[in-house]
Structure formats: C-alpha cells, structure tokens
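Listed here are the chains, written in short residue letters.
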Amino acid sequence: MSNTTAESSGLTSQYSAQVAGDLERNLKEQERISGEIEALQTQLAALRHDHAVLVNIQQALSASAPADVTDTAADVTDSSADVTQTAADTAAPTAPEEPAVTSEAPPAAKVPAPRTKRASTAKTVKAKKTGTAMRKRTSTKKAATAKPATSASPTLVDLVRAHLAGQSEPRSATEIAAELGRQHPERNVKTTVVRTTLEGLVAKSQAERSKQGKSVFYTAPEAKPKDKEKE
C-alpha cells in the first residue's frame, strides 16, 4: 500500500514539474509574439503615414497641371498674335509703291506712302501694347492659380500634432478624434485613422505613448534642455 502511494506522489510531482515548464515556455512565447506584433504595427503605421503624404502630393500635382497647360496655351496664342500682326505690318508698306512705277503719275501721288508707314507704326505699337496687356493678364492668372496651393488646408498629421502640443495631460485616440471632429466638422475624422496617425508620430519620435491599464494615451514629446536654453 505504501509503495502505491509513493508512486502516485512521484507521478504527481513529475506532472507538476512538466506543466510548470510548459507554462513558462508558453508565457515566453506570448511575450515574443506580442513584441513582434507591436513592431509590425509600428511599421504599418509609418507606411500608412507615408502613403497619405504621397497621395496628398499626387493630388497637388494633378491639380496644378491643368493650370500650367492653360498658361502655356495663352502664351502661345499671344506669340502667334504678335507674329501675325508683325507680318501684316511688314507687308502693308509695299502696297502703295505700285503706282510709282507708272511714269504718268504726278509727283503728288508719292505723298500717301509716309502716311501708310505711320499707320503701320501705330498698328505695331498697338499690337505690342495688346500683347503686353495679355501677358500681364496671363501673369495675373498664374498668380491667382498659385495662391490656392499656398492656402491648402492642414493635413490630419498637422492637426493631431498641434492638438497634442496644446494639451497638458495625456489624451486617448478617441478623445483626440472627438475634439478634432468638433473643431473641424467638415472633415470625416475617424478614431482608427487618428490612432494610425498617432502611431506614426510615435514611430518618428514626434509623440509619446503611455499605457494606463488597457488604455493607451498619447502626449507631445517633452522639450529637450538645449531647446529650452535656446528659447
């Protein structure tokens, strides 16, 4: 009877040791996989941020391309008008010289020739003034087209960064999304997009992340001592 009890105790101790070892290995494996998931999430957030920046640049380039084509067409039209007017002015003075070949024409018939030259000169000056005015209008169009590019609305990254800089306490992604949605109702601010943007800022050391229980909070990075001395 005592031998059976001893064998049972030995098996129990052996199983307990094996289970404890398996639990320890399981916990280590969980920690390793959790670390890999966090690293991959950070990389994904950075890639999404770069994608958003590239999309904005592409849209800006697409919006500016038609304006450049319109301005180029206007310049070509002005140049064609100048060339046509110059050709007409150059050909005009030769017309009155034909009657001078006839010997029967009186000397007074040569008088209109200078008038034609003066009229041609007036046309040339008028054409130049017209071309200058059109070029000025084209320059004004270019300036008006360039102004909207400088007054473009800030990106979501800029809004999130500015919001964090103005806060004295940590804020969650949900709180930041709600506040930005209230300040900018014209934007469709989503919590998931804001969280991705925050993770991108954390990856670039432009924001700090902290955990309180299961909740994640974000704050603006603290200023370095050298920066404070410069200020």
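Residues numbered from 1 in each chain as written. Predicted model: local features only at pLDDT ≥ 70, side-chain atom pairs only at ≥ 80, totals over all residues. Heavy atoms only, no water.

1. As for the overall build of the chain
- Regarding its fold elements, the chain presents six helices and two strands.
- For the chain, the α and β elements follow one another from N to C terminus as α-α-α-α-α-β-β-α.
- In the chain, which comprises 231 residues, the share counted as buried stands at 14%.
- Pairs at least 24 residues apart make up 58% of the contacts formed inside the chain by residues separated by at least 6 positions.
- Accessible surface, the chain as shown: approximately 17,400 Å² in total, 58% of it carbon and sulfur. (Helix = DSSP H or I, 4+ residues; strand = E, 2+ residues; numbered from the N terminus. Buried < 20%, exposed > 50% of the residue type's maximum accessible area, 1.4 Å probe, protein only. Contact = heavy atoms within 4.5 Å. Areas by Shrake-Rupley, 256 points an atom, 1.4 Å probe, with all protein chains shown as cover.)

2. Observations regarding the nonpolar core
- Residues Val160, Leu164, Ile176, Leu180, Val194 and Leu198 are the most contacted members of the largest nonpolar core, which totals 14 residues.
- Of all elements in the fold, only helix H3 (156–165), helix H4 (173–183) and helix H5 (191–203) reach the threshold of two or more residues within this core.
- Residue contacts for Ile176: discarding those within four places in its chain leaves His163, Leu164, Arg171, Val194 and Leu198. (Core = buried A, V, L, I, M, F, W, Y, C linked by side-chain atoms within 4.5 Å.)

3. Quick notes on the pattern of salt bridges
- Tallying each qualifying case throughout the model produces 10 salt bridges.
- In this structure, Lys28 and Glu24 form a salt bridge, with 3.6 Å as the shortest nitrogen-oxygen distance. With Lys28 and Glu24 both in helix H1 (residues 2–91) and four residues apart, this pair spans about one turn of that helix.
- The partner of Arg161 in a salt bridge is Asp158, and the shortest N-O contact between them spans 3.1 Å. Of the two residues, Arg161 and Asp158 both sit in helix H3, three residues apart, roughly one turn of that helix.
- Accessibility expressed as a relative area gives 36% for Asp158, which makes it partly exposed. (Salt bridge = Lys/Arg side-chain N within 4 Å of Asp/Glu carboxyl O.)

4. Side note on the packing of H3 against H4
- In the contact formed by H3 and H4, the axes pass within 11 Å of each other and the chain directions differ by 110°. One finds that H3 runs roughly perpendicular with respect to H4. The residues of H4 that touch H3, namely those facing Leu156, Leu159, Val160, His163 and Leu164, are Ile176, Glu179 and Leu180.
- Of the residues in the contact of H3 with H4, the class split is six nonpolar, one polar and one charged. (Axes fitted to C-alpha atoms, helices over the stretch in contact; angles between N-to-C directions. Parallel < 35°, antiparallel > 145°, perpendicular 65-115°, else oblique. Nonpolar A, V, L, I, M, F, W, Y, C, P; charged D, E, K, R; others polar.)

5. Notes on the confidence of the model for the chain
- This prediction gives the chain a mean pLDDT of 75; 58% of its residues lie at or above 70.
- Confidence drops under pLDDT 50 across residues 98–103; counting only partners more than four residues distant or on other chains, this segment forms one contact.
- Within the model, pLDDT remains below 50 along residues 224–231, and this stretch shows one contact once partners closer than five positions in the same chain are excluded. (pLDDT = per-residue confidence, 0-100.)

6. A few points about the packing of H4 against H5
- Packing of H4 against H5 leaves a shortest axis separation of 9 Å and a crossing angle of 115°. Along this stretch, H4 crosses H5, giving a crossing that reads as right-handed. In this structure, H4 uses Ala173, Thr174, Ile176 and Ala177 to contact H5, whose residues at the interface are Thr191, Val194, Arg195 and Leu198.
- Class assignment of the residues belonging to the contact of H4 with H5 gives a composition of five nonpolar, two polar and one charged. (Left-handed = near helix turned anticlockwise from the far one by under 90°.)

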